[in-house]
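Structure assessment
If you want the building blocks of each chain, they are given just below.
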Amino acid sequence: MRKQRRRRSRALIGVVAATAALGLAGCDVIGGSSSAAHDARTRASRAQVWDRSPASIAAVGDSITRGFDACTVLSDCPEVSWATGTSDQVDSLAVRLLGRAKAADHSWNYAVTGARMADLAGQMADAVVRRPQLVTVMAGANDACRTSVSAMTSVADFRTQFEDALGTLRKSLPKTQVYVSSVPNLKRLWSQGRTNPLGKQIWKLGICPSMLGDADNLTSAATVRRDRVQQRVEDYNKVLAQVCAKDRRCRFDGGAVYEYRFGTDQLSRWDWFHPSTDGQSKLAAIAYRTITAADPVA
């Protein structure tokens, strides 16, 4: 009888242990579900605070936002800027969001041709004075477009500089929204532009030498150089996504600009690298879709 009781006790202990083990395993599974639920709640929270129709816009960034080489050779043309331009051919983000009349008085362009991420904090400080409800950011191409691969901005410095720029904004305007564009695919721009003799001559004046230099050189060394520049651009885009994700009022485009397949119609007819008027219009459309979407890009 005692032996039977001991056997039953051992069996009961085994059942309890197995149940406990299953319970622990269940916690792991639940934990995973909880993480997914947390992500969903975070996205819902970000969507809830996001205003899809801001009343004013300031743009910061580099030559692309200045409309460089879109109208005349080696010159800015802010009237065709994807962010704040007035041209009917572009239908800029400001015009799409604010209407043409209001855009004239409620949008400002603080981008500077040649600017790198290190310059963004200063541009943000200028933009803060206007107290915009939305700030657009397009920067990073010049950090990769250096005289050499070794001169490119490091990923760590790029991250710190972007965080500093957002911090400058947040000190004065904690509720201003931020739209962040991904850095364009520079290698694709090289592959498109290298077919044009005029464009390649303009490139020799110093446009993105790390990628565009010696454009027809297809040796293994040149290929490695371009691949390293391309990898740095992809690393920059990861940083933009990660830093933006920590800010409830920041939306990254999810890589939409990087993934957009710019063709010859979307490139400047002078340098075959910067966006043309049509290319600027495409950038405006990408930004508008991201900003007015019900949910942020995953």
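This write-up is about the structure you can find in this document. Model, not experiment: these values are computed from the prediction.

1. Focus on the sheet that holds strand β3 (residues 134–138)
The strand order across the open sheet built from five strands is β2-β1-β3-β4-β5, with neighbouring strands paired in parallel fashion. Each edge of the sheet is formed by a strand with only one pairing partner; in this case those strands are β2 (107–109) and β5 (250–252). This sheet shows a mean twist of 15 degrees between the axes of neighbouring strands, independent of strand direction. Pairing of β3 with strand β4 (residues 177–180), which is carried by four bridges, proceeds in the parallel orientation. Bridged to Thr136 within β4 is Tyr179. Helix-sheet contacts for helix α4 (residues 120–128) involve β1 (57–61) and β3, and the interaxial angle to β1 is about 165 degrees. With respect to the sheet, helix α10 (residues 220–245) is in contact with β4 and β5, its orientation differing from that of β5 by roughly 150 degrees.

2. A look at unusual backbone geometry
Located in the positive-phi region is Leu74, a residue other than glycine, with phi close to 55 degrees. Among the secondary structure elements, Leu74 is positioned in the loop between β1 and α2 (93–98). Residue classification places Leu74 among the partly exposed positions, given a relative accessible area of 42%. One non-glycine residue, Asp214, lies in positive phi territory at about 50 degrees. If you trace the backbone, Asp214 turns up in the loop between α9 (209–212) and α10. Assessed through its relative accessible area of 52%, Asp214 is described here as exposed.

3. A closer look at the pairing of β3
Within β3, five of the five residues are buried, leaving the element largely enclosed by the surrounding structure. Taken together, the five bridges between β1 and β3 define a ladder with parallel strand orientation. Looking at β3, one finds that Ala58 is bridged to Val135.

4. Topic: the state of the cysteines
Enumeration according to the criterion identifies three disulfides in this entry. For Cys71, the disulfide goes to Cys77, at an S-S distance of 1.9 Å. Sign of the S-S torsion, about -65 degrees for the bond between Cys71 and Cys77, identifies this disulfide as left-handed. Here Cys77 falls in the buried class, since its relative accessible area comes to 1%. Disulfide pairing is shown between Cys145 and Cys208; the S-S distance is 2.0 Å. Given an S-S torsion of about -75 degrees, the disulfide between Cys145 and Cys208 has left-handed geometry. Remark: Cys208 occurs in the loop between α8 (197–203) and α9 and Cys145 occurs in the loop between α5 (141–144) and α6 (155–172); sequence separation between them is 63 residues. The same class applies to Cys145 as to Cys208, namely buried. Once the disulfide-bonded cysteines of the protein chain are ranked by sequence position, their pairing pattern turns out to be 1-2, 3-4, 5-6.

5. Focus on the packing of α4 against α6
A pair of packed helices is captured by two measures, namely the crossing angle of their axes and the spacing between those axes. Put simply, α4 and α6 touch, their axes get as near as 8 Å, and they point 15 degrees apart. One finds that α4 runs roughly parallel with respect to α6. Crossing of α4 against α6: the hand is right-handed. Judged by residue contacts, Leu120, Ala121, Met124, Ala125 and Val128 of α4 engage Phe162, Asp164, Ala165, Leu166, Thr168, Leu169 and Ser172 from α6. Tallied by class, residues from the contact of α4 with α6 come to nine nonpolar, two polar and one charged.

6. What to know about the packing of aromatic side chains
The tally for this structure, following the rule as stated, stands at three aromatic pairs. Relative to Tyr236, the ring of Phe158 lies with its centre 4.0 Å away and its plane at 15 degrees, an arrangement referred to as stacked. One end of the pair, Phe158, is in helix α6; the other, Tyr236, is in helix α10, with 78 residues separating them in the sequence. Classification of Tyr236 as buried rests on a relative accessible area of 0%. Ring centres of Tyr260 and Phe262 lie 4.8 Å apart, and the angle between their planes is 80 degrees; this geometry places the pair in the edge-to-face category. With a relative accessible area of 23%, Tyr260 lands in the partly exposed category.

7. Some details on a nonpolar patch on the surface
Together, Val73, Leu74 and Leu205 give the surface a local cluster of nonpolar side chains, amounting to about 270 Å² of exposed area. Relative to the helices and strands, Leu205 resides in the loop between α8 and α9. In this structure Leu205 comes out as exposed when scored by relative accessible area, which is 59%.

8. Quick notes on the packing of α6 against α10
α10 packs onto α6 with a crossing angle of 35 degrees between their chain directions and a minimal axis gap of 10 Å. Handedness of the crossing formed by α6 with α10: right-handed. Two secondary-structure elements touch here, α6 through Val155, Phe158, Arg159, Phe162, Glu163 and Leu166 and α10 through Arg232, Asp235, Tyr236, Val239, Leu240, Gln242, Val243 and Cys244. Counted by class, the contact of α6 with α10 contains nine nonpolar, one polar and four charged residues.

Thresholds, definitions, all that
- In every chain, residue numbers begin from 1 and rise along the written sequence.
- Only residues with pLDDT of at least 70 get local features here, since the model is predicted, and only at 80 or more are side-chain atom pairs given and counted; chain-wide, interface and lining totals rely on the full set of residues.
- Each side-chain value is worked out from all heavy atoms of the structure, with water and hydrogens disregarded.
- Following DSSP output, two strands are said to pair if at least two bridges run between them.
- Only DSSP runs of H or I reaching four residues or more are called helices, and only runs of E reaching two or more are called strands; each is numbered from the N terminus.
- In this analysis an axis means a line fitted to C-alpha atoms, helices contributing only their contacting stretch, and an angle means the value between N-to-C directions, from 0 to 180 degrees.
- In this description, contact between two residues means that some pair of their heavy atoms is separated by no more than 4.5 Å.
- Between buried and exposed lies partly exposed: a residue is buried under 20% and exposed over 50% of the maximum accessible area for its type, with that area taken using a 1.4 Å probe on protein chains only.
- Two cysteine sulfurs form what is called a disulfide whenever their separation falls within 2.5 Å.
- Working definition: roughly parallel below 35 degrees, roughly antiparallel above 145 degrees, roughly perpendicular at 65 to 115 degrees, and oblique for all remaining angles.
- Take the far helix as your reference; a near helix turned counterclockwise from it by less than a right angle gives a left-handed crossing, and one turned clockwise gives a right-handed crossing.
- Residues are sorted three ways: Asp, Glu, Lys and Arg are charged, Ala, Val, Leu, Ile, Met, Phe, Trp, Tyr, Cys and Pro are nonpolar, and all the rest, Gly among them, are polar.
- Aromatic pairs are defined between Phe, Tyr and Trp rings, using the six-membered ring for Trp, whenever the two ring centres lie within 6.5 Å; interplanar angles under 30 degrees are classed as stacked, those over 60 as edge-to-face, and all others as tilted.
- Every patch collects residues that have over 30% relative accessible area and no salt bridge, joining them within 9 Å if they carry like charges and within 5 Å if they are nonpolar side chains (Val, Leu, Ile, Met, Phe, Trp, Tyr).
- Residue exposure ignores everything except the shown protein chains as possible cover, and the areas themselves are Shrake-Rupley values with a 1.4 Å probe.
- The rule for a salt bridge is simple: a side-chain nitrogen of Lys or Arg has to be within 4 Å of a carboxyl oxygen of Asp or Glu.

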